[in-house]
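For reference, the chains in residue letters:
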Amino acid sequence: QQQVKQSPQSLIVQKGGISIINCAYENTAFDYFPWYQQFPGKGPALLIAIRPDVSEKKEGRFTISFNKSAKQFSLHIMDSQPGDSATYFCAASIRGGYNKLIFGAGTRLAVHP
Amino acid sequence: DTEVTQTPKHLVMGMTNKKSLKCEQHMGHRAMYWYKQKAKKPPELMFVYSYEKLSINESVPSRFSPECPNSSLLNLHLHALQPEDSALYLCASSQTDRGGEQFFGPGTRLTVL
């Protein structure tokens, strides 16, 4: 019940294309869903996050879509660029639950020029 | 200043050595975290400190000993480590442990020989 399942494991997209990464969860107590971007040898950096009271959040080229009934959320990267090549982790946590992040397994994105 | 700093960047130690990892933040955050990340895996939570008190120990072996001397500083003391402990050790902080964005440091790459 504490798992967050992430897919695909790896993704290759052409420059200018749309990258889509999906996550699913079981625990309905989760109420905070961040996405982290990690470059090799660096720490994860928060990209965008959403709470279950909204169905979509957009920041620049990055959009989170959230489907509460399906217990799924996804990250869309529009106009993907080679600089977006990184590993992306979705995560979930419970407010008041020591802010413990449950991470998905990660998606390695490669954007080819 | 929205930065979490970690020293050293790299550390190589033998199984009989004692060493320490250091993490610092000056964002006024009252929750600090240690994570361990193996290659191609998501970060795994090790410890959570809230208001300088240990809130969570995720059943971490006693050869890892955390310490929070003040609200800005977090240490991880290492003793008698095993080669399988080689990993990227990440520190993070957040406003409180009741929810919200976690800011990660760049990590310390630890190699145990």
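Preceding this paragraph is the structure being described.
These lines cover the structure that appears in this document, whether it is placed above or below.

Each value, and the rule that gives it
- Residues numbered from 1 in each chain as written.
- Chains lettered and ligands numbered in written order.
- Predicted model: local features only at pLDDT ≥ 70, side-chain atom pairs only at ≥ 80, totals over all residues.
- Heavy atoms only, no water.
- Helix = DSSP H or I, 4+ residues; strand = E, 2+ residues; numbered from the N terminus.
- Rg over C-alpha atoms; globule rule 2.2 N^0.38 Å.
- Buried < 20%, exposed > 50% of the residue type's maximum accessible area, 1.4 Å probe, protein only.
- Contact = heavy atoms within 4.5 Å.
- Areas by Shrake-Rupley, 256 points an atom, 1.4 Å probe, with all protein chains shown as cover.
- Buried area = accessible area lost by both parts, 1.4 Å probe.
- Salt bridge = Lys/Arg side-chain N within 4 Å of Asp/Glu carboxyl O.
- Polar contact = N/O pair within 3.5 Å; in protein donor to acceptor, adjacent residues only side chain to side chain.
- Nonpolar A, V, L, I, M, F, W, Y, C, P; charged D, E, K, R; others polar.

**Some remarks on the overall build of chain A**
Thought 1: Assigned secondary structure in chain A consists of 0 helices and 11 strands.
Thought 2: Shown N-terminal to C-terminal, the secondary structure of chain A runs as helices and strands in the order β-β-β-β-β-β-β-β-β-β-β.
Thought 3: The C-alpha atoms of chain A give a radius of gyration of 13 Å, which matches the 13 Å a tight globule of 113 residues would have.
Thought 4: Taking the principal axes of its C-alpha atoms as reference, chain A extends roughly 40 × 30 × 20 Å.
Thought 5: Taken across its 113 residues, chain A has 46% of its residues classed as buried.
Thought 6: A fraction of 54% describes how many contacts in chain A between residues 6 or more apart in sequence connect residues 24 or more apart.
Thought 7: Summing over all exposed atoms, chain A offers an accessible surface of approximately 5,500 Å²; the carbon and sulfur share of this is 50%.

**Concerning the interface of chain A and chain B**
Thought 1: Listed as interface residues are 21 residues of chain A and, on the opposing side, 25 residues of chain B.
Thought 2: Where chain A abuts chain B, roughly 1,800 Å² becomes buried across the two surfaces, and 56% of that area is made up of carbon and sulfur atoms.
Thought 3: Inspection of the chain A/chain B interface yields 1 salt bridge.
Thought 4: Residues E58(B) and K100(A) are paired through a salt bridge, measuring 2.7 Å at the closest nitrogen-oxygen approach.
Thought 5: Remark: the boundary between chain A and chain B carries 6 residue pairs in polar contact (both at pLDDT 80 or more).
Thought 6: Here the residues of the side of chain A that touches chain B are counted per class, giving 9 nonpolar, 7 polar and 5 charged.

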